Amino acid sequence: MPRRRDPAAARVVHRTCRVGLRVTRGQRERCFGLLRSAGDVWACVLEVNHWRWRHQAPPVVSYQALCRELSTAGPGTFGDLDTTGARSVLRRYSDAWFTAAKRRKAGDLSARFPRKRRGLLPVRYYHGTFTLDGRRLRLPTAKGAAPLWLRLDRAVPYPVEQVRSVALLAEGGRLWVEVTAEVPVTVYPADAGPDPARVAGVDLGVIHPYAVAGADGHGLLVSARAVRAEHRMHLSDTRHRRRATAARAPKPGQRGSRRWRKTCRRARLVEGRHRRRVRQAQHEAAKTVIGWAVQRRVGTLTVGDPRGVLNLPAGRRHHLRLRQWQIGRAIAVLRDKAELAGITVHLVDERGTSSTCPTCRKKITKPAGRTMTCRHCNLTGHRDLFAAATIATRTPNHPGGNPTGGGTSTPAAVVLPQVLTHRRAGRHLPGAGLSRRDPRRPPPRHHAATPGDATVNTMGAATGVSWPAEARPTTVGSRSTAPVRRGTTTPPTR
């Protein structure tokens, strides 16, 4: 439940960062014991409401009633979990129940009340119940239990006085702490902050997660080809790993061996690392867009909402690409960073923006690549930027469109980008740095070496050049000995 703030106080936004833990074996067992105890509290609430349903009694769902039921259980019922941690679980159950009831009352019959048991459940501690001292965190425990001090693997990026809550959770076989803080909205000097009258359109995509077109003729393209390669290589690694460990899988009805448990743990760690890499790349892309907007004093971002394509049957491969796209997270990350920078985000309908000419407004056949050409007015350019320029002219809640966004553009002229800025997201991913190839890919197949060529080894690569090969500029009067991939050009001389 949010605190009541003074209306005259400075605007703040709540931000959450995830920090890893460096724990001993005993501390790890105690932390997992707290998570299991939280799961027991959740299961206990489910059992009580199921018993009341069988006896035709109303369920206990309000937070106050659940706290009264918890007080009758007495101390020590749920191990080292104290009252504060148990009440966070009760608050979570109450919020989930009332959210489902509200959706069902609105006509959404697909909403379900919480009935699923959970072995491990996150535990949240609010301000005043925990102690944060640098990289040391003290979590409250039950009466009579030893204090639990944990060491963080990095410093919290927020001042201690801004931290409002911490949550202990387990993901991918590792323990994490989510720290939530109240961060004040950025304050700019006079005549230097974002201007709400300056509008920029944002087109969301898979290859380019954000394509931005401003009203001053500037454009921004954020490439996420490294993220798409990470998804593809992770899927290939998962298939090879499952094929290699199929023989070690226990038969139905048998208990898994220690080697099988290690195999499953390794798979969880790899999956968690993949999700963290993609999440970091999404934040880098959104940060690039907001930094570009602040530099040009853009105060309003009109974002095309493409979530309508999620309900279209398009085949197994296309559904996998849409799931990896994570449209909702891309919009949420961009909106959070824009709110912190004092920029307003509006969602509009983006239907037809990538297949309509921004000048003559006529239908254009979808191109095979990124370049779009209009046969009517001979306009040629990047189709994502053209779509972003058209989205910038659409108005939210336009009378001619659907309730989620403007379906038609305003009479204002479309400003096409003349100055383009290219940026890449995911420079931390394998193959996105100095090397042009992902280290997990097999080496390229080169032609056989000639007998008289002493500079080429048996692998077909130049002697003295390690794999994966790095792109090197050519020198004047000589030819570069670095292997060049087929279909790519040699970088120019600097």
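Note that the structure is predicted; figures quoted are calculated from it, not measured.

Caption draft 1: View of a positive patch on the surface. Side chains of Arg225, Arg228, Arg232, Arg239, Arg243, Arg316, Arg317 and Arg321 sit close together on the surface and give a patch of like positive charge. Contributing elements (two or more residues each) for the positive patch: α4 (225–244) and α6 (316–325). No other element matches α4, which puts 5 residues into the positive patch. If you trace the backbone, arginine 321 turns up in helix α6. Overall, the relative accessible area of 47% leaves arginine 321 in the partly exposed class.

Caption draft 2: Region of the structure containing the confidence of the model for the protein. Here the protein averages 80 in pLDDT, while 82% of its residues score no lower than 70. Under a pLDDT of 50 for its full length, residues 398–405 has, in the predicted model, 15 contacts with residues more than four places off or in other chains. When the criterion is pLDDT under 50, residues 447–494 qualifies, and its contacts beyond four places in sequence or with other chains add up to 50 contacts.

Caption draft 3: Representation of the pattern of salt bridges within the structure. Counted under the stated rule, the structure contains 12 salt bridges. A salt bridge links glutamate 230 to arginine 277, with the shortest nitrogen-to-oxygen separation between them at 3.7 Å. With a gap of 47 residues between them, glutamate 230 in helix α4 and arginine 277 in helix α5 (residues 258–295) connect regions that are remote in the sequence. For the pair glutamate 230 and arginine 277, a shared accessibility class is recorded, and that class is buried.

Caption draft 4: Structural view of the side chain of aspartate 203. The topology assignment puts aspartate 203 in strand β8 (residues 195–203). Arginine 370 provides the closest opposite charge to the buried, unpaired aspartate 203, separated from it by 6.8 Å. If we ignore the near neighbours within four places in the chain, the residues touching aspartate 203 are His208, Pro209, Tyr210, Ala211, Glu350, Thr353, Ser354, Asp384, Ala387, Ala388 and Ile391.

Caption draft 5: Representation of the environment of arginine 103 within the structure. Locating arginine 103 in the fold gives a position in helix α3 (residues 83–105). Relative accessible area serves as the criterion here: at 40%, arginine 103 is assigned to the partly exposed category. Residue contacts for arginine 103: discarding those within four places in its chain leaves Asp108, Ser110 and Ala111. Within the structure, arginine 103 has its side chain in polar contact with the side chain of aspartate 108 (distance 2.7 Å).

Caption draft 6: How the structure looks around the packing of α4 against α5. For the pair α4 and α5, the least separation of the axes is 11 Å and the interaxial angle reads 175°. Between α4 and α5, the crossing angle belongs to the class labelled roughly antiparallel. Residues Val227, Glu230, His231, His234 and Arg241 of α4 touch α5, and the partners they reach there are Ala267, Val270, Glu271, His274, Arg277, Val278 and Ala281. Here the residues of the contact of α4 with α5 are counted per class, giving 5 nonpolar, 3 polar and 4 charged.

Caption draft 7: Highlighting the environment of proline 196. Inspection of the secondary structure puts proline 196 in strand β8. Remark: the alpha-carbon pair of proline 196 and isoleucine 343, spanning 147 residues in sequence, is separated by 7.7 Å. Those residues in contact with proline 196 that sit more than four places away from it in its chain are Gly299 and Thr300.

Caption draft 8: Just the packing of aromatic side chains, in detail. In the structure shown here, the tally under the stated rule is 3 aromatic pairs. An aromatic cluster of three or more residues is present, and its members are Trp97, Phe98 and Phe113. Arginine 91 extends its terminal NZ or CZ atom over the ring of tyrosine 63, reaching a point 4.4 Å from the ring centre. In this arrangement the basic side chain of arginine 136 is found over the ring face of tryptophan 149, its NZ or CZ atom lying 4.3 Å from the centre.

Caption draft 9: Highlighting the sheet that holds strand β9 (residues 210–214). Here we have 6 strands laid out as an open sheet, ordered β12-β11-β8-β9-β10-β15, and mixed in their pairing. Strands with a single pairing partner mark the edges of an open sheet, and in this sheet they are β12 (344–349) and β15 (419–424). Shown here is a sheet whose adjacent strand axes are inclined to one another by a mean of 25°, direction ignored. Where strand β10 (residues 218–223) and β15 come together, 6 bridges link them in parallel fashion. Looking at the pairing, valine 222 lines up with arginine 423 of β15. Here α5 sits on the sheet in contact with β8, β9, β10, β11 (298–305) and β15, set at roughly 170° to β10.

Caption draft 10: Just the nonpolar core, in detail. Among the nonpolar cores identified, the biggest contains 48 residues, and Leu81, Leu90, Tyr93, Tyr125, Leu139, Val166 and Leu168 are the most heavily contacted of them. With sequence-adjacent residues up to four places away left out, leucine 81 is seen in contact with Leu34, Ser37, Ala38, Val41, Ala86, Val123, Tyr125 and Ala142.

Caption draft 11: A look at the side chain of histidine 382. For histidine 382, the position within the fold is in strand β14 (residues 380–382). Here histidine 382 falls in the buried class, since its relative accessible area comes to 18%.

Conventions used here
Residues numbered from 1 in each chain as written. Predicted model: local features only at pLDDT ≥ 70, side-chain atom pairs only at ≥ 80, totals over all residues. Heavy atoms only, no water. Patch = residues over 30% accessible without salt bridge, like charges linked within 9 Å, V, L, I, M, F, W, Y side chains within 5 Å. Areas by Shrake-Rupley, 256 points an atom, 1.4 Å probe, with all protein chains shown as cover. Salt bridge = Lys/Arg side-chain N within 4 Å of Asp/Glu carboxyl O. Lys, Arg positive; Asp, Glu negative; His and termini not counted. Charge placed at Lys NZ, Arg CZ, Asp CG, Glu CD. Helix = DSSP H or I, 4+ residues; strand = E, 2+ residues; numbered from the N terminus. Buried < 20%, exposed > 50% of the residue type's maximum accessible area, 1.4 Å probe, protein only. pLDDT = per-residue confidence, 0-100. Contact = heavy atoms within 4.5 Å. Polar contact = N/O pair within 3.5 Å; in protein donor to acceptor, adjacent residues only side chain to side chain. Axes fitted to C-alpha atoms, helices over the stretch in contact; angles between N-to-C directions. Parallel < 35°, antiparallel > 145°, perpendicular 65-115°, else oblique. Nonpolar A, V, L, I, M, F, W, Y, C, P; charged D, E, K, R; others polar. Phe/Tyr/Trp six-rings, centres within 6.5 Å; stacked < 30°, edge-to-face > 60°. Lys NZ or Arg CZ within 6 Å of the ring centre and 35° of its normal. Pairing = 2+ DSSP bridges. Core = buried A, V, L, I, M, F, W, Y, C linked by side-chain atoms within 4.5 Å.

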